[in-house]
Amino acid sequence: MTWDRSDERRLVGRMLRGDEDAFEAFFADAFSPLYRFALKRTGGDAEVTEEVVQRTLCAAIDHLASWRGEASLLTWLCAICRREIAGYFRSRGREPARVELTEELPEVRAALETLLIGDRDPERETLRREIVDLVHVALDSLPGRYGLALEWKYLEGESMKEIAIRFATTPKAVESLLSRARAAFRDALRTLLEGEAALGTAGGTHGGA
Amino acid sequence: MEERESVRQAGEGNGDVAVRLLRAAGKRRPVPADRSARVHDAVREHWLRRTEVRTRRRRLMWAVPLAAAATVVVAVGVATFLAPGTAAIGTLEVAHGQVAVTVDGTTTQGHPGARVVAGAEMTTLDGGRAAIRLAGGESLRLDENTELTLEGPDSLTLHRGAVYFDSGVGPVEARFSVVTAYGEISDIGTQFEARITDNSLRVSVREGVVRISREAGATEITRGGVAVIGADGMLVTSSITPSDPVWGWVLSVAPPFRGADRSVAELLAWSTRETGLELRWDPSIDSAKAGGIEVHGDLTQLRPGEVPAAVLPTCGLAGHIRDGVLLVDTLK
């Protein structure tokens, strides 16, 4: 059960041909990560987030044929979403919420450690939440069902067999999937910490809306 | 640097740290179901509309045997979800003369309004012609002495005669493809005819671009072009105008104009699309204003070629046809 850029290209091709199953798979995979991405950049305004996400997905459908696969679908969607958010706020004479994840502050390193060891020092709470967001961003950036598999296994405690049933595959395949998912998750975390582009965030040390 | 080392260690094979991070962070925040449902429904509606417009993708598959070009397989791709065999793939809009439809061994005379199902065999005799409106809105027309089998929502086998396909008015991304035994013919937003004559296949393009991809390479046939592929695989090109009398049979089975109380612009667009004429407005006329004049009444009996003489004068306009151009001027 692999999921790579070629799978995304096939999915897009099926959508362009009017395959409803493909549309449903696209929406199921894209909506939640996109919503969370937008929610952070709208200052947590759920109404505005719903509106811009809807606009983003409609704009993406309008230009689906132009997606060439150089970036992941989600990365592409997030780029569209940024423009929609910027446009929304610009039309109202406002600035979108700034989203910053910086790796250079010493506190981030400390926050990461405190997250790992469970230190609930109130002074580091804000940064701790940022790291939590970073972990969730990394999960959202994973292809296909990787993020779900990791959550089901390590947060919900489901067995390989139970996950296999949910994915309509074999436990062996799930084991292989989880191995790849963990590796992809580690890579995504490393990339985020090193400030490289992931989910379309700005380059450098922070992600700006 | 400790936390980076932790992550690096994870990257170097110690997966436990990444999993610990995951557990420490907890689950991602779910999206409220009502918001998800609202956005889903709106986006799906948008996608369905765009798909209907964009996905007029057809494939006409032509299999021309080298020994004898007696049978050509034509595949017309239609974005439907109907099961083959019994599903309707369109409606017979026009039936002139003898048009026989055979389904499951039973033959009947085709009549306008009849549903056309997958697996149906259609035959037109001398003087018989037909037009089918496919599920996606495309127009498929049969010339006289034509025999074909509608295999399913996306294919038909042309045994003899000729078919004309009009993908309709749509955005540039509307696609129509013809796959032949010699390769694939693809186009964008096209009107074209495919005809089997004397062990050859002739493809005439009235609008759009047709690409014929063969082992020998790809050839593009644009508006006004004709390609003839012989049994020996040789391709010869020539030209034809969109209003050439050769297209006359297509006009004779043009489906009636739909609806009433339409604008002059809509009627002229329909008329020129069917007749192949190029529409031009005299510079002295405000084309937007003149085109917006509404024509009332039942227009279903109106033939495409009658619009200049029958409709324009009632709007204070006149149409002059010359060299493939319909020039609209003020009625004097």
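Shown above is the structure to which this text applies.
Residues numbered from 1 in each chain as written. Chains lettered and ligands numbered in written order. Predicted model: local features only at pLDDT ≥ 70, side-chain atom pairs only at ≥ 80, totals over all residues. Heavy atoms only, no water.

Participant: What should I look at first to understand the packing of aromatic side chains in this one?
Facilitator: Each pair of aromatic rings is reported with the distance of its centres and the angle of its planes. Per the counting criterion, the structure on display carries eight aromatic pairs over all chains. Here the aromatic rings of Trp152(A) and Phe167(A) are separated by 4.9 Å at their centres, their planes lie at 40°, and the arrangement is tilted. Here the residue Trp152(A) occupies a position in helix H7 (residues 146–154), and Phe167(A) occupies one in helix H8 (residues 160–167), the gap between them amounting to 15 residues. Grouping residues by exposure puts Trp152(A) and Phe167(A) together as buried. Between the aromatic rings of Phe257(B) and Trp270(B), the centroid separation amounts to 5.0 Å while the plane-to-plane angle is 65°, which identifies the pairing as edge-to-face. Of this pair, Phe257(B) sits in the loop between helix H4 (248–252) and strand S19 (260–263) while Trp270(B) sits in helix H5 (residues 264–275), and the two are 13 residues apart along the sequence. Like Trp270(B), Phe257(B) is buried. Taking the ring centre of Phe37(A) as reference, the NZ or CZ of Arg41(A) above it sits at 3.8 Å. If you follow Arg166(A) out to its NZ or CZ, it ends over the ring of Trp152(A), 3.7 Å from the centre. (Phe/Tyr/Trp six-rings, centres within 6.5 Å; stacked < 30°, edge-to-face > 60°. Helix = DSSP H or I, 4+ residues; strand = E, 2+ residues; numbered from the N terminus. Buried < 20%, exposed > 50% of the residue type's maximum accessible area, 1.4 Å probe, protein only. Lys NZ or Arg CZ within 6 Å of the ring centre and 35° of its normal.)

Participant: I'm lost on the sheet that holds strand S20 (residues 278–281) of chain B in this one. Help?
Facilitator: Where strands meet in a sheet, backbone hydrogen bonds hold them as pairs that are either parallel or antiparallel. Residues and elements named next belong to chain B. Across the sheet, three strands lie side by side as S20-S23-S22; this open sheet has mixed pairing. Edge positions in the sheet fall to S20 and strand S22 (317–322), since each of these pairs with one other strand and no more. Along the sheet, successive strands turn relative to each other by an average axial angle of 25°, direction set aside. In the packing of H5 onto the sheet, the strands contacted are S20, S22 and strand S23 (325–330), and the crossing angle to S20 comes to about 145°. (Pairing = 2+ DSSP bridges. Axes fitted to C-alpha atoms, helices over the stretch in contact; angles between N-to-C directions. Contact = heavy atoms within 4.5 Å.)

Participant: How do you make sense of the environment of Gly248(B) when you look at a structure like this?
Facilitator: Residue and element names in this part refer to chain B. Of note, Gly248 is situated in helix H4. A residue is classified by how much of its surface remains accessible, and Gly248, at 34% relative accessible area, is partly exposed. The spatial distance from the C-alpha of Gly248 to the C-alpha of Thr275 is 8.1 Å, given a sequence separation of 27 residues.

Participant: How do you make sense of the side chain of Arg129(B) when you look at a structure like this?
Facilitator: Residues and elements named next belong to chain B. Along the chain, Arg129 turns up in strand S8 (residues 129–134). Only 2.5 Å separates the side chain of Arg129 from the side chain of Asp143, close enough to count as a polar contact. Leaving out residues up to four positions away in the same chain, Arg129 has contacts with Val94, Ala95, His96, Val99, Thr124, Leu142, Asp143, Glu144, Trp249, Ser252 and Val253. (Polar contact = N/O pair within 3.5 Å; in protein donor to acceptor, adjacent residues only side chain to side chain.)

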